[in-house]
Amino acid sequence: MKTRAAVLWGKHQEWKIEDVDLGEPGPTELVVKMAYAGLCHSDEHVVTGDIDAPDEMLPFIGAPHFLPLIGGHEGAGVVHQVGSAVLGVSVGDHVAVSFIPSCGLCKWCSTGRQNLCDMGAATLAGGMISDGVYRHHVNGTPLNRMAQLGTFSEYILVNQASVIKVDDDYPLDAVALVSCGVATGVGSAQRRAEVKSGDTVVVVGIGGIGANAVQGARMNGAANIVAIDTNASKQEKAEEFGATHFFTSFDDAALAVMDMTRGNMADSCIITAGVVTGDLLGPALNIVSKDGTVVVTGLAPMAQRDVKLDLFNLSMFNKQIRGSIFGSGNPRAEVPRLLTEYRRGALMLDELITNRYTLDDINVGYRDMNDGKNIRGIIEFG
Ligand SMILES: NC(=O)c1ccc[n+]([C@@H]2O[C@H](COP(=O)([O-])OP(=O)(O)OC[C@H]3O[C@@H](n4cnc5c(N)ncnc54)[C@H](O)[C@@H]3O)[C@@H](O)[C@H]2O)c1
Ligand SMILES: [Zn+2]
Ligand SMILES: [Zn+2]
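What you are looking at is a predicted structure, and each value in this text was computed from that prediction instead of being measured.

**With respect to the site of ligand 1**
In the region of ligand 1, 30 residues are neighbours, and H41, S42, D229, G274 and R376 sit closest. A distance of 2.8 Å separates an oxygen atom of ligand 1 from a polar atom in the side chain of S42. In this structure, an oxygen atom belonging to ligand 1 sits 2.8 Å away from a side-chain N or O atom of R376. Coverage of ligand 1 by the protein chains reaches 88% of its 870 Å² of free accessible surface. Elements that contribute at least two residues to the shell around ligand 1 include exactly helix 1 (41–48), helix 3 (172–192) and helix 4 (208–219). With three residues, the top contributor of residues to the shell around ligand 1 is helix 1. Looking at the shell around ligand 1, its residues break down into 13 nonpolar, 14 polar and three charged.

So, in structure tokens, the structure goes:
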């Protein structure tokens, strides 16, 4: 079958809408008719080259090239066709995608760490997880897909490990947001920073991920939620999601945190800036208290190696720095849990959507994200 999809042909280029040929789904694969796809910053990292697979890496991911690639890894839709051996989902079911597949069998899945599933090794590969074969082409050219998904497409052909069935009474735009930004942001606060009632939490960068880290801190009862964004226009939304304070610089935030904690400093600092650079780590480590935690959720360019840190302070004050992928939760448990929180009014999802776009307007959507106009932009498929 054919589908229209947003394809990136080279770094620093615009997304181009192409007619893509989809092959037949293999036994463990399915086709989903997409309803919504979120515009997460991670796809922009592919455009800028922060996420890349250099030539020497291609043999390891079994790919002839990294680009062209169908973008998108956040989204939701309705199952359209299933392979002969697909378990757990049928035609007509509503599903969220999962940018980390979960096989249920590997060491990580079987110990409650599905966000680290070994199938994640295929994230940058273009061939299907099941057999490494490409089933997406434009005029015969094989296409990679962001995180084995490529949600910027009317129909997606994916492995069953990449979808999560959800109740069909949830609005699919809300489901789409939960599949990456919400699970990642809320989990960064609840699971990785382990925010407790009465805590002081600092969140750096108020986009789709940071707004949800603020929400996670609010849901766990944080007393002070200090948002930092270099873009002052993010204040209103930060406060809507639960921030008690807002600053455009770390220095101003640090003085205020010192004041509000009587010199103890923050219990945790969650970094969700659009592009994480090494110079953010030092101030983050300084803004947390003794035994404080820094969570690094935002992505740094893959090639970045330099970080400046006060290592004496790290050990003598018993601090820790923790990375986090998918909010350090299990996608198959976390997506339904968060939707339940939405249903009972504890989690705000509708308010995250700041602009809606057609697939043809995807480049406008990413411009708006880069201009700081969005918390989350979302593509609506007709
Ligand atoms: N770890 C994961 O599993 C995971 C999942 C999804 C996204 N991400 C990453 O999280 C990051 C945020 O994604 P997003 O979609 O929310 O992006 P976004 O562009 O919507 O928001 C980023 C925000 O950070 C702000 N910002 C940029 N530099 C800053 C700085 N130095 N100090 C303070 N604020 C700054 C921007 O003004 C913007 O408001 C990206 O790097 C993305 O790739 C990680
Ligand atoms: Zn994402
Ligand atoms: Zn697994």
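**Looking at the layout of surface pockets**
Leftover empty space is mapped by rolling, across the atoms, a probe with the size of a water molecule. The calculated volume of the second largest pocket comes to roughly 190 Å³. Forming the walls of the second largest pocket are T28, L87, G88, V89, M119, N159, Q160, A161, V163, I164, K165 and R332. Here the lining of the second largest pocket takes three residues from strand 11 (residues 163–166), the largest share from any one element. Per-class residue counts for the lining of the second largest pocket are six nonpolar, four polar and two charged.

**So, unusual backbone geometry**
With an omega of 5°, the peptide bond between L67 and P68 qualifies as cis. For H12, which is not a glycine, the phi torsion comes out positive at approximately 65°. You can call H12 exposed: its relative accessible area is 61%. Residue E194 is not a glycine yet carries a positive backbone phi of 50°. Summarising the element assignment, E194 is placed in the loop between helix 3 and strand 12 (200–204).

**Quick look at the environment of C106**
Structurally, C106 can be placed in the loop between strand 6 (94–97) and strand 7 (136–138). When its relative accessible area of 9% is taken as the criterion, C106 is described as buried. In contact with C106, other than residues within four places in its own chain, are C117 and D118.

**Topic: the packing of helix 3 against helix 9 (residues 331–343)**
In contact at an axis separation of 9 Å, helix 3 and helix 9 are set at 95° when each is read in the N-to-C sense. It follows that helix 3 is roughly perpendicular to helix 9 by the angle criterion. Contacts between helix 3 and helix 9 involve A174, V175, V178, V182, A183, V186, G187, Q190 and R191 on the former and, on the latter, E334, V335, R337, L338, L339 and Y342. By residue class, the composition of the contact of helix 3 with helix 9 is ten nonpolar, two polar and three charged.

**A look at the coordination of the zinc ion (ligand 2)**
Taken together, C40 (SG), H73 (NE2) and C180 (SG) make up the protein donors of the zinc ion (ligand 2), found 2.0 to 2.3 Å from the metal. All donors of the zinc ion (ligand 2) belong to a single chain; written as a sequence motif, their spacing is C-x32-H-x106-C. A residue pair is termed long-range when its members are at least 10 positions apart, and C40 in the loop between strand 3 (29–38) and helix 1 and H73 in the loop between strand 4 (69–70) and strand 5 (75–82) qualify at 33 residues. On the accessibility criterion, C40 (2% relative accessible area) is buried. Taking the relative accessible area as the measure of exposure, H73 reaches 3% and is therefore buried.

Rules and cut-offs
- Residues numbered from 1 in each chain as written.
- Chains lettered and ligands numbered in written order.
- Predicted model: local features only at pLDDT ≥ 70, side-chain atom pairs only at ≥ 80, totals over all residues.
- Heavy atoms only, no water.
- Near = heavy atom within 4 Å.
- Polar contact = N/O pair within 3.5 Å; in protein donor to acceptor, adjacent residues only side chain to side chain.
- Areas by Shrake-Rupley, 256 points an atom, 1.4 Å probe, with all protein chains shown as cover.
- Helix = DSSP H or I, 4+ residues; strand = E, 2+ residues; numbered from the N terminus.
- Nonpolar A, V, L, I, M, F, W, Y, C, P; charged D, E, K, R; others polar.
- 1 Å grid on protein atoms, 1.4 Å probe; cavity = no way out; pocket = protein on both sides within 12 Å on 5 of 7 lines; lining within 4 Å.
- Points joined across faces, edges and corners; volume = space filled by probe spheres on them.
- Buried < 20%, exposed > 50% of the residue type's maximum accessible area, 1.4 Å probe, protein only.
- Contact = heavy atoms within 4.5 Å.
- Axes fitted to C-alpha atoms, helices over the stretch in contact; angles between N-to-C directions.
- Parallel < 35°, antiparallel > 145°, perpendicular 65-115°, else oblique.
- Donors = N, O, S within 2.8 Å, 3.2 Å for Na, K, Ca; no water.

None of the figures reported here should be taken as evidence of function without further support.
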